[in-house]
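One letter stands for each residue in the lines below.
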Amino acid sequence: MAAAKSVERLGQRRVVPAEPTPAGPLRLSWLDRYPTQMALIESLHVFKPALDRAIGGDDVAVGPARTIERALARALVHYYPLAGRLAFSDSGEVCVDCGDAGVWFTEAEASCSLEDVDYLEYPMMVPKDELLPPTPAGEEERELVLLVQVTAFACGGFVVGFRFSHAVADGPGAAQFMAAVGELARGAGGVSVEPVR
């Protein structure tokens with residue numbers, strides 16, 4: 001078995017919606033207000049080098065991280081609660097405080113190719129935690145709604161790591177948001193499915 005490969009994080013920054021969005025508290029369902037729902041659910045998405053060319057227009061030269069960062073800002077206009085923070089309402093219930101707190105976005109790179117790490121098949125040769133976005137200093141993990149990390153590999157492929165608050169997005173909701181970011185990264189003028197709250 002080959003030695004584990006490592007990832008270098010190049011920077012972490014907040015991404016806010018590309019346009020003004022509604023502010024204020026957004027009530028969660030009775031089920032989503034349970035403390036156990038405040039956990040961050042993790043997912044990794046591997047994109048082979050051939051898919052990197054699917055990113056539209058001049059964005060190919062910019063690279064996957066910057067392209068996805070811009071698409072994320074555009075998607076947050078429609079999915080603005082994901083740019084908020086979990087908070088407690090005046091009545092003590094968990095809610096989403098919508099505003100411009102933003103999504104934490106981490107840009108990273110690996111010196112190996114995806115083929116070198118068997119496209120992250122099990123057993124993983126890259127520690128999973130290196131491909132997932134870390135909690136930034138000064139932030140309470142329980143309050144965060146979404147974190148994103150894009151790791152570019154030497155072959156031109158990349159991995160997108162998401163950490164979603166289960167209180168705000170279930171599996172299908174998170175997948176719908178990720179699909180919207182993908183559409184916008186490929187050059188779509190808007191999202192094909194508007195979120196319903």
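Before going into details, it helps to say that this report is about the structure given with it. (Residues numbered from 1 in each chain as written. Predicted model: local features only at pLDDT ≥ 70, side-chain atom pairs only at ≥ 80, totals over all residues. Heavy atoms only, no water.)

## Some words on the layout of surface pockets
A water-sized probe rolled over the atoms picks out the places where empty space is left.
Here comes step 1: Its volume calculated, the largest pocket comes out at about 520 Å³.
Here comes step 2: Put simply, the parts of the chain that give the lining of the largest pocket at least two residues each are β2 (24–27) and α5 (171–185).
Here comes step 3: Taken together, the residues of the lining of the largest pocket sort by class into 14 nonpolar, four polar and five charged. (1 Å grid on protein atoms, 1.4 Å probe; cavity = no way out; pocket = protein on both sides within 12 Å on 5 of 7 lines; lining within 4 Å. Points joined across faces, edges and corners; volume = space filled by probe spheres on them. Helix = DSSP H or I, 4+ residues; strand = E, 2+ residues; numbered from the N terminus. Nonpolar A, V, L, I, M, F, W, Y, C, P; charged D, E, K, R; others polar.)

## Quick look at the sheet that holds strand β1 (residues 7–15)
Here comes step 1: Overall, mixed pairing links the five strands, which are arranged β1-β6-β7-β8-β3 in an open sheet. Either end of the sheet is taken by a strand with one partner, and the two such strands are β1 and β3 (40–47). Taken pair by pair, the neighbouring strands of this sheet meet at an average axis angle of 15°, ignoring direction.
Here comes step 2: The pairing of strand β7 (residues 146–153) with strand β8 (residues 158–165) spans seven bridges and is antiparallel. (Pairing = 2+ DSSP bridges. Axes fitted to C-alpha atoms, helices over the stretch in contact; angles between N-to-C directions.)

## Considerations on the nonpolar core
Here comes step 1: Residues Leu72, Leu146, Phe164 and Phe177 are the most contacted members of the largest nonpolar core, which totals 38 residues.
Here comes step 2: Breaking this core down by element, the ones donating at least two residues are α3 (64–78), β5 (94–98), β6 (103–110), β7, β8 and α5.
Here comes step 3: Counting residues in hydrophobic clusters, the runner-up holds 12 residues, among them Ala110, Leu120, Val126 and Val159. (Core = buried A, V, L, I, M, F, W, Y, C linked by side-chain atoms within 4.5 Å. Buried < 20%, exposed > 50% of the residue type's maximum accessible area, 1.4 Å probe, protein only.)

## So, the environment of Arg142
Here comes step 1: Relative to the helices and strands, Arg142 is located in the loop between α4 (128–131) and β7.
Here comes step 2: According to the relative accessible area criterion, Arg142 is partly exposed, its value standing at 44%.
Here comes step 3: A sequence separation of 104 residues divides Arg142 from Met38, and the C-alpha atoms of the two residues are 5.9 Å apart.
Here comes step 4: Once residues within four sequence positions are removed from consideration, Arg142 is found in contact with Met38 and Leu86. (Contact = heavy atoms within 4.5 Å.)

Shape descriptors only; they carry no functional weight alone.
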